[in-house]
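# Chain and residue survey
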Amino acid sequence: MVYKRKKYHEGDTHLKKKWRTKRRTKDLDQVDEDIKPENIKSLINQDGDFDKPGNAQFYCVHCARYFIDSQALQDHFRTKVHKRRLKALEVEPYTIEDSERAAALYITDFEERMENQIELEENIKLRQKQINLDKYWKHWEFYRHLREKMNLLDAAKLAVNGHLSELMKDADKNKEEIEKLQLHARQMKNHYKNLKEYSYPVEEVAAMNALSIPNTLDKRTPHTEKNIIYSYLEKPSEKAKSHFELATSSNLLYYLNPTFLVLRNDAALFEYSLINYFHDTLLNNNYTATVNASFVRSIIVEGCCVDYLDPKQVFTISEEDVKYSVAKLHFVGNSTLYSFMAYFTKFSIQPSYFPIKFFTSGKQYHPLQENSTEKTLLNLNQYSTVDIISITKSNVEDTDVVFQNLIEIVRKLYDPLGFHYQLVYLPANQLQDNETLRLSIQMFSSHLQDYVEVGNVSLCGDYLSKRLLVTYSEEKVRKYPNIIYGSLVNIQKMLACVLEYNSLTQKDLLSNILKKYSPM
């Protein structure tokens, strides 16, 4: 026995009623076409139609609705329904190109960058990459040729179907011609199907080649040697004992292996105080604290220019899935570029929100950078870090203002600590593929007699936002914002340098500025 539904609350609208097409109006992308200058005139001045309300003379183009008279139309213009529709139409509609780009199968700027092939080849040479652009371009042209043939077949199929529709009006008279056209349509359909199946591997090779092209280089990026732009205090000249030896003799840490490390006593206070110090300073400089996920999918890792199949680059959670699936889960930590980009991927940002300034403190997890049996804080599976991300509009001036401001913040953070450090622009061959410029924050290891990177700030331009579809709309044009990312401090690496530095200067591990943030 069928019972009548008893739920009548507006939030419990039945799916059958919700998706009914009886009163369905046009979608946003269709309305966006209607409001173009070449189309809107004919919609406003329609011929009389007695089957439509008001004889089709009172039409709201934005809402795709007819009204009974002029007063009803004017009343509609003042409603929230109409105003919400106007607001929704401010955003450029989602297109097929956007969906293909989101699937990493359509890289529109590859052809643009190939227009200046000499500059691109110089970029690849400076980065010391082994990339054959001529080979990549041949793959791309072949893929594009297949797409053009498929588009021609699509157009031909539409034309044949249209002709068939006309002939079917008098099927008996046009029977022979209809049979010929139907045979031709089936042949085209099979040809299209074969082409489509053949294009899949071609498409994948062309897309992966395009995705492997590194970012452009900023004019400030040195070609071969690093460029020191700032140095604070004198570099220690004496050689110190190893930081690990100093830490274990003072009972500052418990070390089992590179994966399991516990800071103790003043070392634990150093970590706690330093994070709070950075946290407070960033808040005072208009950065907003966030909490990110520690796990991300393969598509995010690949979008950040890291091979998710390489066990030397990222931890992968074991899953029963296809080897090359981009849905694998990776353990990266909440204080990483991956975790920030996981939030912004396929995200459309309101222009009024720029510049976006976020920071977080937490863990980074990654495989060991080098195989070594040496006990050290400089090669661990996990680090405590404070990371930032800044997102600006696509113009260079806005991005440079935020980047220069970040350099000043770094100096505000490090100068009061009272340790020697330097700010360096790294040469092209030391940049990651997503970076156009990298500012390295380096402290001196008195034991190794060399500088160690304890932090960095990377300028990425719109490279990441194009790969992961981070967008914003301005004057109804879809644009891709510039991204600045950095790890402002790596606690364990800084602790290693400070222990060695303090052993020569006889200073306390906690400087005066850090004692203010200590719970003791």
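Residues numbered from 1 in each chain as written. Predicted model: local features only at pLDDT ≥ 70, side-chain atom pairs only at ≥ 80, totals over all residues. Heavy atoms only, no water.

## Regarding the confidence of the model for the protein
Detailed reading of predicted coordinates is not advised where the pLDDT is low. Of all residues in the protein, 91% attain a pLDDT of 70 or more, and the chain-wide mean is 88. For residues 101-106, every residue scores under 50 in pLDDT, and the model assigns this stretch 18 contacts once sequence neighbours within four places are set aside. (pLDDT = per-residue confidence, 0-100. Contact = heavy atoms within 4.5 Å.)

## Thoughts on unusual backbone geometry
For the peptide bond that leads from Phe354 to Pro355, omega is -10 degrees, which places it in the cis range. Mapped onto the secondary structure, Pro355 falls in the loop between β10 (348-349) and β11 (356-365). Even without being a glycine, Gln128 presents a positive backbone phi close to 60 degrees. By the element assignment, Gln128 lies in the loop between α8 (117-127) and α9 (133-167). Even without glycine at this site, Lys476 takes up a positive phi of about 65 degrees. (Helix = DSSP H or I, 4+ residues; strand = E, 2+ residues; numbered from the N terminus.)

## Structural notes on the sheet that holds strand β16 (residues 471-474)
The three strands lie next to each other as β10-β16-β17, forming an open sheet whose pairing is mixed. Since the sheet does not close on itself, it has two edges, and those belong to β10 and β17 (477-479), each with one partner. Where β10 meets β16, two bridges bridge the pair, whose relative direction is parallel. Across the sheet, residue Ile349 finds its bridge partner in β16, namely Tyr472. (Pairing = 2+ DSSP bridges.)

## Some words on the packing of helix α12 (residues 265-284) against helix α17 (residues 491-505)
Between α12 and α17, the least distance of the axes is 11 Å, while the angle of their chain directions is 120 degrees. Comparing their axes, α17 and α12 come out oblique. When you trace α12 past α17, the crossing you get is right-handed. Contacts between α12 and α17 involve Ala267, Phe270, Glu271, Leu274 and Ile275 from the first element and Ile491, Gln492, Met494, Leu495 and Val498 from the second. Residue composition of the contact of α12 with α17, by class: eight nonpolar, one polar and one charged. (Axes fitted to C-alpha atoms, helices over the stretch in contact; angles between N-to-C directions. Parallel < 35°, antiparallel > 145°, perpendicular 65-115°, else oblique. Left-handed = near helix turned anticlockwise from the far one by under 90°. Nonpolar A, V, L, I, M, F, W, Y, C, P; charged D, E, K, R; others polar.)

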